[in-house]
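# Structural features, examined
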Amino acid sequence: MRTFDIVIIGSGIAGGFLARQLRLARPDLGVLVLEAAGAMEDYKVGESTVEVAANYMVRRLNLGTYLYQHQLPKNGLRFFFDGPGKDLPLPRMSEIGSDHMPFHPSFQLERARLERDLVAMNRAAGAEVELGAKVVDLAIDGGGRHKVVYEQGGERREVACRWVCDASGRRHVLLRKLGVKVHKETRLNTAAAWGRYRGVAGLDAVTDAAWRSRARYTSRHLSTNHFMYDGYWIWFIPLAGDLMSVGVVFDKDRIGEGNAPAGALPGPRTRADFERFLGAHRAVRELLEGAELEDFQAYAHLPYHADRYFSTDRYAVTGEAGAFTDPFYSPGSDFIATANEFITQMILADVGGDRAGFEERVAAYDAYYRFKYDSTLRLYERMYPVFGSFELYRLKYLLDFNNYYNLVVWPFMADRVTDVGWIREELRFTDLVLRALSTMGDHFSSLAADLRARGEYFAQNEGRFANGLNGVVQLETRLGPSIDERFRREQVDRAYGSVFAALVERRLAERGLSDRARLVSELKLPQVLTFRDITPDRLARLLDRIGERMTKDLRAEFPDAGVERVDLGSGGEVSVTGPAEGTEVHAAVLSRARSLWDASAGSLAHVAL
């Protein structure tokens, strides 16, 4: 019987990346990859990567040259918003997106080609990769050697190993064998349908001069393009070789069979349904004119999670073998990068004889991975009804993108994400983070319903452009191996304060509130979490508190003026009691009070690049 240090089940990007990482980290380790497919030709969804996965591929796997030579660079995320009749031409749709290639790279992956190339790379690096090798049985022995049985070419083979790592995707080979529960997620009820088209001219073929100039002629084609609707979104992702991935993700609770609001389409389940669905949207239909659909796939349900991902019995799962949330924001490859980093560190500790360190890592990594799943899921929970409004989603994206760069990308780039001490500190704030995500989700969802009832949901969906980098420009040049914790905390408070102030302004129709420094400074994350509802009474109490602080400041600045109270009213009104009205002192104090109240917060909701 052949013996290996690690057997990896599956040679998709999760398993292929893990094999490469292990061979780069410890070339002396024996790695066997067992792939059920006889050839790496299967079209797979999940082509879009974001900054964590890109950093992992370039910095940890040394794939930068390969990616630029054989795959496509990505021009960030881009979002388009349509009218209620789904009939706006593309140049008239409101848009969120960058006007230049982002500071930190990401890529669009043609998965089949990448996975074929990974087989060759891993074999060249000394890993054994067996194709057409279907795992049919395995036995985990926590105190000895595991056994893995597979069938290949009609023969049954058996190998022994110290570690088993499952990258088999939704087949969940390892967890099913061990009886580890894989839960169908109920908090987010989404499904997807997608295919690859050949002959799509692409967004850069649109010749409207004003539309091209508003994004400074950057390549929209290279972006992950989202067409945003109430309850669903449609993606356009370019792939190398004249291919365009096009797909629909929809909330079954909102547009599923029998649940569609009047005038809405049910979510597509078949190839014919898919083509009809896309054809009902003018901008999408015009982009696909003359293109040919090469293949079609669908998932009836997207999100799921497992009870356990890593074990001291020396097994682990990565990629979709363990969990999946939602393809919006393209987090799948980020999960792979994080899991593979964890698995590599656990294996290195184990084979290095550091039993205590190994057990410590398993416990911390498993807890953090479960938290990563839960926090990511809450980004999307209750958000599908928000997606169709430019006005709402612009604020949602400001918050999410800032938090992603600050709380996810930065620690990964600084190698903190595998630091057990850092993870323990992060896990202390699990409840706070999850409550923050849920609280903001509630506010966005409530405002969406409110705007829909007012007939204002689509009010800003035509002719507007927001630079998607507005919320992270201050972070771009800070990201790197050194972390500034004070700056990170300030950015969290600034992001939540800026966005929440804008929500209050819109919900209560109090124009001019959202960029007032005194108000935004009172809305740090802990204060935001105290707002269960946005009501006039809650705003009045907040303004009273700000007025009390301004009163103290004015008393210090004008000690002989007899300032008794500053009152802040709706519409930006400011009044001062104490100094006699009509006197120079009253005029001076009132002018200063107005100046303090009118001072700009530099709110992210108002930043323009």
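Residues numbered from 1 in each chain as written. Predicted model: local features only at pLDDT ≥ 70, side-chain atom pairs only at ≥ 80, totals over all residues. Heavy atoms only, no water.

If you check an unreviewed UniProt entry, the protein chain appears there as Electron transfer flavoprotein from Sorangium cellulosum.

What follows concerns the side chain of glutamate 115. Tracing the backbone shows glutamate 115 in helix α4 (residues 111-124). What makes glutamate 115 buried here is its relative accessible area of 1%. (Helix = DSSP H or I, 4+ residues; strand = E, 2+ residues; numbered from the N terminus. Buried < 20%, exposed > 50% of the residue type's maximum accessible area, 1.4 Å probe, protein only.)

The contact between helix α19 (residues 536-557) and helix α20 (residues 584-598) brings their axes to 11 Å, and the two run at 130 degrees. On the basis of their axis angle, the class for α19 and α20 is oblique. Where α19 crosses over α20, the handedness of that crossing is right-handed. Residues Leu543, Ile546, Met550, Leu554 and Glu557 of α19 touch α20, and the partners they reach there are Val589, Arg592, Ala593, Leu596 and Trp597. Across the contact of α19 with α20, the residue classes tally to eight nonpolar, no polar and two charged. (Axes fitted to C-alpha atoms, helices over the stretch in contact; angles between N-to-C directions. Parallel < 35°, antiparallel > 145°, perpendicular 65-115°, else oblique. Left-handed = near helix turned anticlockwise from the far one by under 90°. Contact = heavy atoms within 4.5 Å. Nonpolar A, V, L, I, M, F, W, Y, C, P; charged D, E, K, R; others polar.)

This part takes up α19. Under the 1.5 Å per step criterion, the end-to-end length of α19 is 31 Å for 22 residues, consistent within 8% with the ideal 32 Å. Of all the positions in α19, only Arg538, Leu539, Leu542, Leu543, Ile546, Gly547, Met550, Thr551 and Leu554 are classed as buried. Those residues of α19 that are buried are in contact with α16 (485-508), α17 (517-521), β21 (565-568) and α20. (Expected span 1.5 Å × (residues − 1).)

A few words on the sheet that holds strand β13 (residues 224-229). The eight strands are arranged β16-β12-β15-β14-β13-β4-β5-β20 in an open sheet whose pairing can be described as mixed. Strand pairing shows two members of the sheet lacking a second neighbour, β16 (292-299) and β20 (465-467), which therefore form its edges. With strand direction ignored, the average angle separating the axes of adjacent strands in the sheet is 15 degrees. Where strand β4 (residues 77-81) meets β13, five bridges bridge the pair, whose relative direction is parallel. By the bridge assignment for β13, phenylalanine 81 is matched with methionine 228. Sheet strands in contact with helix α8 (residues 271-279) are β12 (190-198), β14 (232-239), β15 (243-251) and β16, and its direction is about 110 degrees off that of β16. Its contacts with the sheet place helix α12 (residues 390-413) against β4, β5 (94-97), β13 and β20, and it is angled at close to 5 degrees to β5. (Pairing = 2+ DSSP bridges.)

The subject of this paragraph is unusual backbone geometry. With a phi close to 70 degrees, arginine 382 is a non-glycine residue in the positive phi region. Structurally, arginine 382 can be placed in the loop between α11 (355-380) and α12. For alanine 509, which is not glycine, the phi torsion reads 55 degrees and is therefore positive. Relative to the elements of secondary structure, alanine 509 occurs in the loop between α16 and α17. You can call alanine 509 exposed: its relative accessible area is 57%.

Here we come to the domain arrangement of the protein chain. Taken domain by domain, the protein chain consists of domain 1 (2-71 + 109-183 + 304-381), domain 2 (79-104 + 185-299) and domain 3 (543-598). Taken over C-alpha atoms, the centre of domain 1 sits 31 Å from the centre of domain 2. Of the roughly 2,000 Å² buried where domain 1 meets domain 2, counting both sides, 63% is carbon and sulfur surface. At the junction of domain 1 and domain 2, the tally comes to two salt bridges. Remark: the boundary between domain 1 and domain 2 carries seven residue pairs in polar contact (both at pLDDT 80 or more). Only β17 (304-306) and α11 provide two or more residues apiece to the side of domain 1 that touches domain 2. Element by element, the count of residues in the side of domain 1 that touches domain 2 is highest for α11, at five residues. Split by residue class, the side of domain 1 that touches domain 2 holds 10 nonpolar, five polar and 10 charged. (Domains from an automatic or database assignment. Buried area = accessible area lost by both parts, 1.4 Å probe. Salt bridge = Lys/Arg side-chain N within 4 Å of Asp/Glu carboxyl O. Polar contact = N/O pair within 3.5 Å; in protein donor to acceptor, adjacent residues only side chain to side chain.)

On to the nonpolar core, then. Counting 174 residues, the largest nonpolar core has Ile8, Phe17, Phe79, Phe310, Met346, Tyr393 and Leu519 as its most contacted members. Dropping the residues within four chain positions of it, phenylalanine 17 is found in contact with Gly12, Tyr56, Met57, Leu61, Leu63, Leu114, Leu118, Ile336 and Asn340. Residues Tyr229, Tyr232, Val246 and Phe250 belong to the second largest nonpolar core, which totals 30 residues. (Core = buried A, V, L, I, M, F, W, Y, C linked by side-chain atoms within 4.5 Å.)

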